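Below, each chain spelled out in residue letters.
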Amino acid sequence: MELRRVEELMDLLHACRGARGTACLGGAPVDLHDHALQTAALLRRSRPADKELQVAGLVHVVGHLLRPGDPTVHAAVTADAVRPLLGERVSGLVRLQREDPDSRIGEDVLTLRQADEAARTAGLDAGVLEDWRTVLELVSARNSRLGAVD
C-alpha cells in the first residue's frame, strides 16, 4: 500500500487507536495511537525545527496495521507506504530506526529511536492527532514540490 494523501494517512493513524503493538522488538505492548503521538511530541520538544523527524515519529507505527504479525517487517512496510507522500527522508528515518544498533546510523535516527523508547511511558500528554494535520500537509507539500522538480 502506498499512501498518497494526508487524509489517507490520518485515517490510518486514527485506526491505530486501541490497536496494540510493541514499541520495540520484544517490548511490552502499547496503544499504537498514543505511542505515535507521544513519540512525535517528544521529537517536537527536542527538535522543534525538524518537521520531517517529528513526522517520522508520528507515522512509524502504521506498519503494525498494514501488515499485522511479523514485527520485523513493520518498519519496512511503513517506510514503503509513506515514501510517496512524505518523501525519502521520512521513509529512510522510519526504515533505519529498526536497523541493527551496531550499524553506523545517523544522529537523526538515534534521536528517533530514543524518542520511540521514551514514548513507552504512559501518561505523557501528547495532544491529539488532529494537531498534526498541518505538519503532515506541510511535509507532504514540500515532498510534492521536490518530486515535481526531479
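Since the model is a prediction, treat every value here as computed from it, not as a measurement.

What is the right way to read the overall build of the chain from this model?
Secondary structure summary: the chain contains eight helices and two strands in total. Here the chain, with 150 residues, has 47% of them falling under the buried criterion. Counting contacts in the chain only where the partners sit at least 6 residues apart, residues at least 24 apart contribute 62% of the total.

Sorry if this is basic, but what is going on with the confidence of the model for the chain here?
Should pLDDT be low for a region, the predicted coordinates there are not to be read in detail. Averaged over every residue, the pLDDT of the chain is 86; residues scoring 70 or more account for 85%. By mean pLDDT, strand β1 (residues 20-22) is the weakest element of the chain at 71, and helix α3 (residues 51-59) is the strongest at 97.

Any chance you could explain the packing of helix α6 (residues 88-96) against helix α7 (residues 107-118) here in plain terms?
Across the interface, α6 lies against α7 with an axial gap of 9 Å and an inter-helix angle of 60°. As summarised for this structure, α6 and α7 are arranged oblique, according to the angle between their axes. Read as a crossing pair, α6 and α7 show a hand that is right-handed. Across the interface between the two elements, Arg89, Leu93, Val94 and Leu96 of α6 pack against Asp108, Val109, Leu112 and Arg113 of α7. Of the residues that constitute the contact of α6 with α7, the class distribution is five nonpolar, no polar and three charged.

For this particular structure, what's the right way to read α7?
An α-helix turns once every 3.6 residues. As a result, residues three or four positions apart point the same way. Between the first and last C-alpha of α7 there are 16 Å, a value that for 12 residues agrees with the 16 Å anticipated at 1.5 Å per step. Listing the buried residues of α7 in full gives Val109, Thr111, Leu112, Arg113, Ala115 and Asp116. Buried-residue contacts for α7 involve α2 (32-46), α3 and α6.

Before we go on, may I ask you to explain α3 in this structure?
Where burial is concerned, most of α3 is hidden: eight out of the nine residues are buried. Every buried residue of α3 is listed here: Glu52, Leu53, Gln54, Val55, Ala56, Gly57, Leu58 and Val59.

Help me understand the side chain of Asp50 in this model?
In this structure, Asp50 sits in the loop between α2 and α3. Residue Asp50 is classed as buried on the basis of its relative accessible area of 13%. Within the structure, Asp50 has its side chain in polar contact with the backbone nitrogen of Leu53 (distance 3.1 Å). The residues contacting Asp50, other than those within four sequence positions of it, are Arg89 and Asp108.

Each value, and the rule that gives it
- Residues numbered from 1 in each chain as written.
- Predicted model: local features only at pLDDT ≥ 70, side-chain atom pairs only at ≥ 80, totals over all residues.
- Heavy atoms only, no water.
- Helix = DSSP H or I, 4+ residues; strand = E, 2+ residues; numbered from the N terminus.
- Buried < 20%, exposed > 50% of the residue type's maximum accessible area, 1.4 Å probe, protein only.
- Contact = heavy atoms within 4.5 Å.
- pLDDT = per-residue confidence, 0-100.
- Axes fitted to C-alpha atoms, helices over the stretch in contact; angles between N-to-C directions.
- Parallel < 35°, antiparallel > 145°, perpendicular 65-115°, else oblique.
- Left-handed = near helix turned anticlockwise from the far one by under 90°.
- Nonpolar A, V, L, I, M, F, W, Y, C, P; charged D, E, K, R; others polar.
- Expected span 1.5 Å × (residues − 1).
- Polar contact = N/O pair within 3.5 Å; in protein donor to acceptor, adjacent residues only side chain to side chain.

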